[in-house]
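# Descriptive analysis of the structure
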Amino acid sequence: MSKTIAFANQKGGVGKTTTCINLASYLAKSGLKILIVDLDPQGNATTGLGIIKSQLKQSVYNVLIDELPIKKAIIPTLVENMDILPSDINLAGAEVELVYTKEREKVLKKALSAVKSSYDYIMIDCPPSLGLLTINALTASNGTIIPIQSEYYALEGLSQLMNNIKLVKRHLNPDLQIEGVLLTMNDSRATMSKQIAEEIRKFFGKKLYDTIIPRNVKLAEAPSHGVPIMMHDTRCTGAKAYKALSEEFSRKQSGN
């Protein structure tokens, strides 16, 4: 059965795109069929998978605003078993244009219904905001993964995100669950990182993944080469962490 997961946090630079790309890549490597939906106008997931945005004929914008059939905009990636619904700069205007659309919060959900049966997982990379695009992602999803940076300011705004998830669950998508919370950009030597981890564990309990993503130069380099970390450097700590996350994620999905 297909499952849709949104990677959400209104803070930028917390590892949403990095987590979406790399978790999806390792799941695809294990033989699962994956679709990444790049719902961020910055299009970092698109460029991070080696796609030149200026050469795109169609994107997620055309699907949301022009009612283009979604299959016409999906393209394959360099990773076997993994496709992407790419983004480009046009998406920056979609937030405003969607305001005038009927059932504006459900546009993405309706579009994805045409391809849901073709994928094991659809993974949506959300923009760093709590606007209509993110609400569309949460409305279309079974669950959300929340990447949180291991620093003090990461805790600020969490209550706002949780409130939005509750509102979407109450009014638009009663099936929405928090799939998991992931600590990213962790410095294991810093006392502050350990304190933040404890605070987040108190707040989220078993929803917090045991896997912690470290700060890693190779992870930061990979997008500039247009590949996920497993195609850039499989031996680095970042690659090992995302491989471990994919295994932990799969165990939780199977109930083990």
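Our subject is the structure listed above.
Residues numbered from 1 in each chain as written. Predicted model: local features only at pLDDT ≥ 70, side-chain atom pairs only at ≥ 80, totals over all residues. Heavy atoms only, no water.

## A short note on the pairing of strand S2 (residues 34-38)
The test is simple: Here's how the labels work: a residue is buried when its accessible area is under 20% of the maximum for its type, exposed when over 50%, partly exposed in between, all with a 1.4 Å probe on protein chains only. What counts as a helix is a DSSP run of H or I of at least four residues, what counts as a strand is a run of E of at least two, and both are numbered from the N terminus. DSSP bridges decide pairing: two strands pair if at least two such bridges lie between them.
Taking burial as the measure, the 5 residues of S2 include 5 buried ones, the bulk of the element. Every second residue of S2 is oriented toward a common face, with Ile-34, Ile-36 and Asp-38 on one face and Leu-35 and Val-37 on the other, all of them buried. One ladder, built from 4 bridges, connects S2 with strand S4 (residues 82-85); its direction is parallel. Bridge pairing links Ile-36 to Ile-84 in S4. In the sheet, S2 pairs with strand S5 (residues 121-125) via 5 bridges, with the strands oriented parallel. Among the inter-strand pairings, Asp-38 is bridged to a residue of S5, identified as Asp-125.

## A look at the pattern of salt bridges
To keep things clear, this is the line we draw: Salt bridge, as applied in this entry: a Lys or Arg side-chain nitrogen positioned within 4 Å of an Asp or Glu carboxyl oxygen.
Per the stated rule, a full pass over the model turns up 8 salt bridges. Ionic pairing is found between Glu-221 and Lys-218, a salt bridge with its closest N-O pair at 3.7 Å. With a gap of 3 residues between them, Glu-221 and Lys-218 both fall in helix H9 (residues 217-221), about one helical turn apart. Assessed through its relative accessible area of 28%, Glu-221 is described here as partly exposed. Connected through salt bridges with shared partners, the residues Glu-103, Lys-106 and Lys-110 form a single ionic network.

## Description of helix H1 (residues 16-29)
We count it as follows: Expected span of a helix: the number of residues minus one, times 1.5 Å.
For H1, with 14 residues, the first-to-last C-alpha span of 20 Å sits near the 20 Å given by 1.5 Å per residue. Taking burial as the measure, the 14 residues of H1 include 12 buried ones, the bulk of the element. Along H1, the positions that sit buried rather than exposed are Lys-16, Thr-17, Thr-19, Cys-20, Ile-21, Asn-22, Leu-23, Ala-24, Ser-25, Tyr-26, Leu-27 and Ala-28. Where H1 ends, the next residue or the one after it, Gly-31, has phi of about 110°, a positive value.

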